[in-house]
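# A closer look at the structure
Okay, here's what each chain looks like letter by letter:
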Amino acid sequence: MNLNGSAQDPEKREYSSVCVGREDDIKKSERMTAVVHDREVVIFYHRGEYHAMDIRCYHSGGPLHLGDIEDFDGRPCIVCPWHKYKITLATGESLYQSINPKDPSAKPKWCSKGIKQRIHTVTVDNGNIYVTLSNEPFKCDSDFYATGDFKVIKSSS
Ligand code: FES
């Protein structure tokens with residue numbers, strides 16, 4: 001057995017938790033950014049709960065760490081500063097309002113487009129904040145801005 005971890009499966013290492021800061025600091029700022037295994041994430045502290053997600057908006061790569069948090073349909077969402085998409089902090093779902101065109105008097109209803117932003121796990125241990133990247137096997141729209149393809153475009157511009 002190799003104790004220094006150099007023989008670890010590199011696939012697995014990407015999903016080991018990484019310390020991103022101190023609980024005291026994020027409680028003051030209510031948000032922080034971090035790079036976890038080469039993936040940029042934003043961590044929010046909102047109403048006593050921690051939430052982590054890919055930092056770039058799934059729609060077009062907007063900077064979610066600069067958005068406001070508001071409730072829609074009773075669900076706290078980050079509002080992307082670029083085109084105002086609303087993404088739930090807890091699940092990464094994108095919310096929109098729909099109306100029935102055949103009933104113009106109907107009140108708009110909040111609906112979900114499904115999970116669009118990848119959510120990561122936050123844990124707290126001894127005053128330290130840890131983020132563990134999601135390894136949910138589904139394809140998430142925000143992956144495009146969080147992985148190699150987009151980084152190549154960025155660095156060549
Ligand atoms: Fe976020 Fe368009 S980039 S809403």
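Residues numbered from 1 in each chain as written. Predicted model: local features only at pLDDT ≥ 70, side-chain atom pairs only at ≥ 80, totals over all residues. Heavy atoms only, no water.

## Focus: the side chain of S94
- Residue position: S94 is located in strand β8 (residues 93–98).
- Residue S94 is classed as buried on the basis of its relative accessible area of 0%.
- Here the side chain of S94 touches Y58 through a polar contact of 2.8 Å, side chain to side chain. (Helix = DSSP H or I, 4+ residues; strand = E, 2+ residues; numbered from the N terminus. Buried < 20%, exposed > 50% of the residue type's maximum accessible area, 1.4 Å probe, protein only. Polar contact = N/O pair within 3.5 Å; in protein donor to acceptor, adjacent residues only side chain to side chain.)

## Looking at the sheet that holds strand β9 (residues 109–115)
- The strand order across the open sheet formed by five strands is β5-β6-β7-β8-β9, and the pairing between neighbours is antiparallel. Each having just a single partner strand, β5 (68–72) and β9 make up the two edges of the open sheet. If you compare each strand with its neighbour and ignore which way they point, the axes differ by 40° on average.
- Summarising the sheet, strand β6 (residues 75–79) and strand β7 (residues 86–88) pair through three bridges and their orientation is antiparallel. (Pairing = 2+ DSSP bridges. Axes fitted to C-alpha atoms, helices over the stretch in contact; angles between N-to-C directions.)

## So, the pattern of salt bridges
- Throughout the structure, instances matching the rule amount to eight salt bridges.
- Residue R75 is joined to E93 by a salt bridge in which the shortest nitrogen-to-oxygen separation is 2.6 Å. Of the two residues, R75 is situated in strand β6 and E93 in strand β8; the sequence distance between them amounts to 18 residues.
- Each of the salt bridges in this network shares a partner with another, and the network as a whole consists of R39, D54, R118 and D143. (Salt bridge = Lys/Arg side-chain N within 4 Å of Asp/Glu carboxyl O.)

## Digging into the environment of R31
- Tracing the backbone through its elements, the reader meets R31 in strand β2 (residues 31–36).
- We classify R31 as partly exposed; its relative accessible area is 25%.
- For the pair R31 and C57, spaced 26 residues apart in sequence, the C-alpha separation works out to 16 Å.
- Sequence-distant contacts of R31, defined by excluding residues within four places in its chain, comprise I26, I43, F44, L64, H65, L66, G67, I69 and I78.
- In terms of polar contacts, R31 uses its side chain to reach the backbone carbonyl oxygen of H65, at 2.7 Å. (Contact = heavy atoms within 4.5 Å.)

Worth remembering: the numbers are spatial, not functional.
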